[in-house]
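The chain contents come next:
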Amino acid sequence: MTRPLDSVTPSEVDFYQQNGYIQYPSFFSATEIAPLRAAIDHAVATGRDRILGAEDGGRHGADYERVFNQMLNLWTDYPDARAVTFNPRLSDTARRLSGSPHVRLYHDHAMVKPAGQASRQTQWHQDAPFWPMDPVGSLAAWIAVDDVTTENGCIQFVPGSHRFGKLADINPYHLEVEGESICDRMKAMGHTLADPVAMEMEAGGVTFHHSCTFHRAGPNRSDRPRRAFSIIYVPEWVRFTGEWNAGNTPAEELEVGGEWDHPNHPILSST
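Residues numbered from 1 in each chain as written. Predicted model: local features only at pLDDT ≥ 70, side-chain atom pairs only at ≥ 80, totals over all residues. Heavy atoms only, no water.

**Student:** Break down the overall build of the protein chain for me, citing the residues and quoting the values.
**Tutor:** Within the protein chain, the secondary structure is distributed over 6 helices and 13 strands. The C-alpha atoms of the protein chain give a radius of gyration of 17 Å, which matches the 18 Å a tight globule of 271 residues would have. Over its C-alpha atoms, taken along the principal directions, the protein chain stretches across nearly 45 × 45 × 45 Å. The burial tally for the protein chain puts 56% of its 271 residues in the buried class. Taking as baseline every contact in the protein chain between residues at least 6 positions apart, the subset at least 24 positions apart corresponds to 83%. (Helix = DSSP H or I, 4+ residues; strand = E, 2+ residues; numbered from the N terminus. Rg over C-alpha atoms; globule rule 2.2 N^0.38 Å. Buried < 20%, exposed > 50% of the residue type's maximum accessible area, 1.4 Å probe, protein only. Contact = heavy atoms within 4.5 Å.)

Structure representation (structure tokens):
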């Protein structure tokens, strides 16, 4: 059974606020997730750009592609991806977990981790330093498009790590570089971290995590690509800092210090 609308409980909100993540193992059914899987497969097969309109398609090179083939804003050119990005059950859950009157879309992105010995792990990191936002509080939904396990690179979280706040000075910006790890850096500084938890789940399962939560995805040691789809939500109080372009939205089209009022960043759920 898939998750109904308006079903977030106070205990779930408390768990998310305390731990910085939460898992919903059967959020979407196999039938619901199949069109998204087909859309991602088509985007890969046709060589869809990472960022539409960007120089060189927004690609970072072969080493980055071994971490994952990432493609932003599939909602703009794939109706079946749009149906998930704009799914009201998903965005309502994000709004309730964050405690915001409304949440806007930052961007969606497919993440296809290649199979085999060439696959690399996504290093331990926070999302917040990559997003031109202040204060923190944005969150991401991570959707398992395939069954995900530790073998094929499921997402993993360090419980409670979001309470360290945004750590831009020690956050690895090069997720493809072996040895980069915000966890190792924090431990070297004398901090104690909780043991990581792996989010194994069947296709259609969803996790939500805070932008400051430490997370990673291991290499894909299976013989098939591992497909995932993520949607980033911006709560009402989070503002644009103007540090760089917002996904594929030019910085000059947003007001520095203002709310994310732009057609690329619509409100997806509100009270």
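Next comes the rest of the account.
**Student:** Please give an account of unusual backbone geometry that cites residues and values.
**Tutor:** The omega torsion of the bond from Asp134 to Pro135 falls at -5°, within 30 degrees of zero and hence cis. Locating Pro135 in the fold gives a position in the loop between strand S5 (133–134) and strand S6 (139–144). Residues other than glycine seldom take positive phi values, yet Asn73 does so here, at roughly 55°. For Asn73, the position within the fold is in the loop between strand S2 (69–72) and helix H4 (79–85).

**Student:** Tell me about empty space enclosed by the protein, and please be specific about residues and values.
**Tutor:** In this structure the tally under the stated criterion is 1 cavity of 30 Å³ or more. What the largest cavity holds in volume is close to 50 Å³. Here the residues of the lining of the largest cavity are counted per class, giving 6 nonpolar, 3 polar and 1 charged. (1 Å grid on protein atoms, 1.4 Å probe; cavity = no way out; pocket = protein on both sides within 12 Å on 5 of 7 lines; lining within 4 Å. Points joined across faces, edges and corners; volume = space filled by probe spheres on them. Nonpolar A, V, L, I, M, F, W, Y, C, P; charged D, E, K, R; others polar.)

**Student:** Tell me about the pattern of salt bridges, residues and numbers included.
**Tutor:** Pairs may arise between side chains of opposite charge once their charged atoms sit close together. Scanning the model with the defined rule gives 10 salt bridges in all. Among the ionic pairs, Arg227 bridges to Asp41, the shortest N-O distance being 2.7 Å. On the criterion of sequence distance, the pair formed by Arg227 in strand S11 (residues 226–235) and Asp41 in helix H2 (residues 30–45) is long-range, its members being 186 residues apart. Taking the shortest distance from any N to any O, the salt bridge between Arg95 and Asp92 comes out at 2.7 Å. (Salt bridge = Lys/Arg side-chain N within 4 Å of Asp/Glu carboxyl O.)

**Student:** Quick one: what's the story with helix H1 (residues 10–19), residue by residue and with numbers?
**Tutor:** Every buried residue of H1 is listed here: Glu12, Val13, Tyr16 and Asn19. Buried positions in H1, seen along its axis, are confined to an arc of 155° and lie on one side of it. Across from the buried face of H1, at angles greater than 90 degrees, the exposed residues are Pro10, Ser11, Asp14 and Gln18. Those residues of H1 that are buried are in contact with strand S1 (21–24), helix H5 (88–98), S6 and strand S9 (206–210). Positive backbone phi, at 85°, marks Gly20, one or two positions downstream of H1. (Arc of directions from axis to C-beta.)

**Student:** I'd like to hear about the packing of aromatic side chains, residue by residue, with values.
**Tutor:** Counted by the stated rule, this structure contains 11 aromatic pairs. With a centroid separation of 5.3 Å and 55° between ring planes, the pair formed by Trp75 and Phe86 is classed as tilted. With a gap of 11 residues between them, Trp75 in the loop between S2 and H4 and Phe86 in the loop between H4 and H5 connect regions that are remote in the sequence. According to the relative accessible area criterion, Trp75 is buried, its value standing at 12%. Their ring planes at 70° and their centres at 5.3 Å tell us that Phe240 and Trp260 sit as a pair that is edge-to-face. Here the residue Phe240 occupies a position in strand S12 (residues 239–240), and Trp260 occupies one in the loop between S12 and strand S13 (267–270), the gap between them amounting to 20 residues. The rings of Tyr24, Phe27, Phe28 and Phe208 are connected pair by pair, giving a single aromatic cluster. Geometry around Phe86 places Arg82 over its ring, the cationic atom sitting 4.2 Å from the centre. (Phe/Tyr/Trp six-rings, centres within 6.5 Å; stacked < 30°, edge-to-face > 60°. Lys NZ or Arg CZ within 6 Å of the ring centre and 35° of its normal.)

**Student:** Quick rundown of the environment of Ser270? Include the residues and the values.
**Tutor:** Take Ser270: it is sitting in strand S13. When its relative accessible area of 46% is taken as the criterion, Ser270 is described as partly exposed. Note: C-alpha distance between Ser270 and Val103 (167 residues apart in sequence) is 6.7 Å. Setting aside residues no more than four positions away along its own chain, Ser270 makes contact with Arg95, Pro101 and His102.

**Student:** If you had to explain the side chain of Asp108 to someone new, which residues and values would you point to?
**Tutor:** Checked against the element boundaries, Asp108 lands in strand S3 (residues 102–113). The buried charged residue Asp108 lacks any salt bridge, with Arg48 as its nearest oppositely charged partner at 6.3 Å. Here Thr85 takes part through its side chain, which lies 2.7 Å from a polar atom of the side chain of Asp108. (Lys, Arg positive; Asp, Glu negative; His and termini not counted. Polar contact = N/O pair within 3.5 Å; in protein donor to acceptor, adjacent residues only side chain to side chain.)

Without other data, these values stay purely geometric and don't point to any function.
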